[in-house]
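Residue-level listing of the chains:
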Amino acid sequence: MALLSVSHLSRSFGSLLAVNDVGFSLDEGVMLGIIGPNGAGKSTLFNLLTGMLPVSAGAIVFDGADITAAPSAARAAMGIARTFQIPQPFATLSVYENLLVAARHAGRMSHAQARDHCAAVLGRLGLRALADTPAGGLRLLDRKRLELARALAASPRLLLLDEIAGGLTDSECAELLAIIRALRAGSVTIIWVEHVVHALLSAIDRLIVMDAGRIIADGPPHDTFQRRDVREIYMGLDA
Amino acid sequence: MIAEFADALVQGLLLGGLYALFAAGLSLLFGIIRFVNLAHGDFIILAAYLGLMLVEATGLHPLLALLVVPPFMAALGYAGQRLLLNRVVERGLLPAILVTFGLSIIIQNLLLEVFSANARRVPAGALDVASVALPGGINVGVLPLVIFAAAVLALGGLGWFFRHTMTGRLLRAVSDDPPIVGLIGADRRHLFAVATAIAALTAGLAGVLLMMKTNFDPAAGPARLLFAFEAVIIGGLRNLWGTLAGGMILGIAQGIGARIDPGWQLLAGHLVFLLVLAVRPRGLFGGRRR
């Protein structure tokens, strides 16, 4: 059974259809990449999946339950976590506390469980030395790491990554990619929206291309990316 | 002369504890929910009348009202936020201000209807006259000392709560970024109500302490609100110990003003407030930009 199944999902802002009749389903353990030009509806799709925006039409089913109208806190508790393109840590909380609140609430862990789990996540993301630093004072790479760490602190079943490689140098990007690959080996299901296509294609199992709110292609990453219509729309190539 | 000055200093310092407690609830709500509770002073006076009613009905010592009135106020605060204020808080500053302004008028008129306009005070028995002698010939009443100690304990307790408990961390998180709190599985509307409950708890504490210290009447709330604003702004937002210092500075200014001329008590406080506002608009201990 699919972990996530989205059907006829739409969201309009006034007369603009930001997400237009989108449907796909995603099996457990798969890593799905989504690309598309700015304004294609990728971030809106994430906001609909996490409940930060109400849908205009359509349905979202997660793990067999219809969550179309569920509040974001309930979805988080069911195991959906996300990161933001612009990291949004709780600035006055320490790095460790940022993880702890997520583990205790979204992750439904006891205090002892949460402590051990957060320590492990901090270690995995190389944030252990910064554990007691207020999150507001971190540099970009560390903020991105924290963004991912806070999402992982909840032990999610579905992880939504929003342009996590953006703004990083090649070596920083490679470092993050190694962490994400390790996650996939740990059977977390991932949807990753990214502009840094080479990083994305090297990691994902399946690629969806969006344009103007619609899904225009869906399939194996390299074949899908090589399709002429995809390259024209996405890259603006006049090949 | 010097002894008189020192006496005014000590009295003002002790009064400052109570002002800081007035201010704590106000700055807490502004910090966490970003709304200005114009009825905060009236909550304090409401708590004082609740304490008065309790003492008159049961004959308990007024200090024991500290165990009853603050929890009751907290429950009232939680319910008020869930049922009323949560409907307006995320629609900008103005709707919330209008609603709390309305609440302020309703509370004042309700108190006037039930208790009449007469000024009241709750005698604290032997505590009223007990005093300890400090070196230098200054006598300090035990009651002001008790009030100061209770206020400092309450502020310290709040500080500990925000740093070391899970709910405290969540409240700081919701203050940093309300929409994101949902994504870590927490219900921000519940957290808003918890914040209001804590603010109402501090108003309850302040009201019970105030009823033993001074006369109050149904219209006394707005003046407490003004003192709370002044203490917060002198001390700087988001800093409990700064708020305590702000309260003390305000108290000392009022104490010294009153010694110069009884009519100058409030004026001296306002002048110091204006001076701080002009020189350090972020407050003496604020400074950190968000």
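Please refer to the structure higher up on the page.
Residues numbered from 1 in each chain as written. Chains lettered and ligands numbered in written order. Predicted model: local features only at pLDDT ≥ 70, side-chain atom pairs only at ≥ 80, totals over all residues. Heavy atoms only, no water.

1. Comments concerning the overall build of chain A
Under the convention used in this document: Segments assigned H or I by DSSP are reported as helices when at least four residues long, segments assigned E as strands when at least two residues long, and all are numbered from the N terminus. In this treatment the radius of gyration is a C-alpha quantity, and the globule benchmark scales as 2.2 Å times the residue count to the 0.38 power. Working definition: with a 1.4 Å probe on protein chains only, accessible area under 20% of the residue-type maximum means buried, over 50% means exposed, and in between means partly exposed. For every accessible area listed, the method is Shrake-Rupley and the probe measures 1.4 Å; residues are considered covered only by the protein chains on display. Here Asp and Glu are counted as negative and Lys and Arg as positive; His is not counted, and neither are the chain ends. To locate a charge, the coordinates of NZ of Lys, CZ of Arg, CG of Asp or CD of Glu are taken.
Of the regular secondary structure elements, chain A holds nine helices and ten strands. For chain A, the C-alpha radius of gyration of 18 Å lies close to 18 Å, the compact-globule estimate for 239 residues. With the C-alpha coordinates aligned to their principal axes, the bounding extent of chain A is approximately 50 × 40 × 35 Å. The 239 residues of chain A split such that 53% are buried. Carbon and sulfur atoms make up 53% of the accessible area of chain A, which totals about 9,600 Å². Charge separation in chain A, taken as the distance between the mean sites of 22 positive and 23 negative side-chain charges, equals 4 Å.

2. Here's the deal with the sheet that holds strand E7 (residues 158–162) of chain A
Residue and element names in this part refer to chain A. Put simply, the rule reads: One requirement defines pairing of two strands: DSSP has to find at least two bridges between them. In this description, a line fitted to the C-alpha atoms serves as the axis of each element, helices being fitted only across the stretch in contact, and the angle between N-to-C directions of two axes falls anywhere from 0 to 180 degrees.
Ordered in space as E6-E7-E8-E3-E9-E10, the six strands form an open sheet in which the pairing is mixed. The open sheet terminates on both sides in strands that have one partner only, identified here as strand E6 (80–82) and strand E10 (214–219). This sheet shows a mean twist of 20 degrees between the axes of neighbouring strands, independent of strand direction. Strand direction decides the pairing type here: E6 and E7, joined by three bridges, are parallel.

3. Section: the interface of chain A and chain B
Quick reminder of the rule: The contact criterion used is simple: two residues touch if any of their non-hydrogen atoms lie within 4.5 Å. By buried area we mean how much accessible surface two parts lose on assembly, using a 1.4 Å probe and totalling the loss over both. In the sections that follow, a salt bridge refers to a side-chain nitrogen of Lys or Arg positioned within 4 Å of a carboxyl oxygen of Asp or Glu. Counting of polar contacts relies on pairs of N or O atoms within 3.5 Å, with two restrictions inside protein: one atom must be capable of donating a hydrogen and the other of accepting it, and residues adjacent in sequence are counted only when both atoms are side-chain atoms.
Listed as interface residues are 20 residues of chain A and, on the opposing side, 20 residues of chain B. If you sort the residues of chain A by the area they bury against chain B, Phe-90, Thr-92 and His-105 of chain A come out on top, with a joint share of 32%. Between Glu-97 of chain A and Arg-169 of chain B there is a salt bridge, and its shortest N-O distance comes to 2.8 Å. Our count for the contact surface shared by chain A and chain B stands at seven residue pairs in polar contact (both at pLDDT 80 or more). The set of elements that each furnish at least two residues to the side of chain A that touches chain B consists of helix H2 (72–78) and helix H3 (95–105) of chain A. Ranked by residue count, the leading element in the side of chain A that touches chain B is H3 of chain A, at six residues.

4. Remarks on the nonpolar core
Spelled out, the test is: Take the buried residues of types Ala, Val, Leu, Ile, Met, Phe, Trp, Tyr and Cys, join any two whose side-chain atoms come within 4.5 Å, and each joined set is a nonpolar core.
Judged by nonpolar contacts, the single largest core of 93 residues is most densely connected at Leu-148, Leu-159, Ile-190 and Trp-192 of chain A. No other element matches helix H1 (residues 2–33) of chain B, which puts eight residues into this core. With residues up to four places along the chain from it excluded, the contact list for Ile-190 of chain A reads Leu-26, Val-30, Met-31, Leu-32, Leu-159, Leu-161, Ile-180, Leu-183 and Arg-184 of chain A. Grouped together as the second largest cluster of nonpolar side chains are 51 residues, Ala-23, Val-122, Leu-210 and Met-211 of chain B included.

5. As for the packing of aromatic side chains
The test is simple: Stacked, tilted and edge-to-face are the three classes applied to pairs of Phe, Tyr and Trp rings, where Trp contributes its six-membered ring and a pair requires centres within 6.5 Å; stacked means planes under 30 degrees apart, edge-to-face means over 60, and tilted covers the rest. Any Lys NZ or Arg CZ that is within 6 Å of a ring centre and within 35 degrees of that ring's normal is treated as a charge sitting over the ring.
In this structure the tally under the stated criterion is five aromatic pairs over all chains. Geometrically, the ring pair formed by Tyr-19 of chain B and Phe-22 of chain B is tilted, given 5.8 Å between the ring centres and 35 degrees between the ring planes. Taken together, the residues Tyr-19 of chain B and Phe-22 of chain B, both in helix H1 and three residues apart, mark about one turn of the helix. Judged by centre distance (5.5 Å) and plane angle (75 degrees), the rings of Phe-161 of chain B and Phe-162 of chain B are edge-to-face. Members of the aromatic cluster, each reached through a chain of ring pairs, are Tyr-19, Phe-22 and Phe-227 of chain B. Residue placement shows Arg-82 of chain A over the ring face of Phe-84 of chain A; its charged tip is 4.0 Å from the ring centre. The ring centre of Phe-90 of chain A lies 4.7 Å from the NZ or CZ of Arg-150 of chain A, which sits over that ring.

6. Some remarks on the side chain of Glu-230 of chain B
Inspection of the secondary structure assignment puts Glu-230 of chain B in helix H9 (residues 221–235). For Glu-230 of chain B, which is buried and forms no salt bridge, the nearest opposite charge comes from Arg-224 of chain B, at a distance of 11 Å.

7. Re the pattern of salt bridges
Residues and elements named next belong to chain B. Overall, the coordinates contain 18 salt bridges over all chains when judged by the stated rule. Of the charged contacts, one joins Glu-90 and Arg-189 as a salt bridge, the two residues approaching to 3.7 Å between their closest N and O atoms. Of this pair, Glu-90 sits in the loop between helix H3 (69–83) and helix H4 (93–115) while Arg-189 is found in helix H8 (residues 188–213), placing the two residues 99 residues apart along the sequence. For Glu-90, a relative accessible area of 41% gives the class partly exposed.

8. Quick look at the environment of Leu-159 of chain A
Relative to the helices and strands, Leu-159 of chain A is located in strand E7. Judged by its relative accessible area of 0%, Leu-159 of chain A is buried.

9. A short note on the sheet that holds strand E5 (residues 65–66) of chain A
All names here are of chain A. Read across the open sheet, the four strands follow the order E2-E1-E4-E5; overall the sheet is antiparallel. Both outer strands of the open sheet, strand E2 (16–27) and E5, are each paired with one neighbouring strand and no more. Sheet topology note: the strand E4 (residues 57–62)/E5 ladder contains two bridges and is antiparallel. Bridge assignment links Val-61 to a residue of E5, and that residue is Asp-66. This element, helix H1 (residues 42–50), spans strand E1 (2–13), E2 and E4 of the sheet and lies at about 115 degrees to E1.

10. Observations concerning the side chain of Thr-44 of chain A
Residues and elements named next belong to chain A. Within the element layout of this structure, Thr-44 appears in helix H1. According to the relative accessible area criterion, Thr-44 is buried, its value standing at 13%. Once you skip the residues sitting within four places of it in the chain, Thr-44 turns out to touch Arg-11, Phe-13, Ala-18, Val-19 and Leu-53.

11. Quick look at helix H10 (residues 240–260) of chain B
Residue and element names in this part refer to chain B. Selection criterion: An expected span of 1.5 Å times one less than the residue number is assigned to each helix.
The terminal C-alpha atoms of H10, which comprises 21 residues, lie 30 Å apart, in line with the 30 Å expected from a rise of 1.5 Å per residue. Taken across its 21 residues, H10 has 15 buried, putting it largely inside the fold. The N-cap of H10, judged by a side-chain oxygen 3.2 Å from the amide nitrogen of Trp-241 a few residues on, is Asn-239.

12. Some words on unusual backbone geometry
Residues and elements named next belong to chain A. Here His-8, not a glycine, exhibits a phi torsion of approximately 50 degrees, which is positive. Mapped onto the elements of the fold, His-8 is located in strand E1. The phi torsion at Asp-21 lies on the positive side, around 55 degrees, for a residue other than glycine. Structurally, Asp-21 can be placed in strand E2.

13. Observations regarding the environment of Leu-52 of chain B
All names here are of chain B. Following the sequence through the fold, Leu-52 ends up in helix H2 (residues 40–58). Residue Leu-52 is classed as buried on the basis of its relative accessible area, which comes to 3%. For Leu-52 and Ile-147, which are 95 residues apart along the polypeptide, the C-alpha to C-alpha distance reads 17 Å. With sequence-adjacent residues up to four places away left out, Leu-52 is seen in contact with Phe-115, Arg-120, Val-122, Met-211 and Phe-216.

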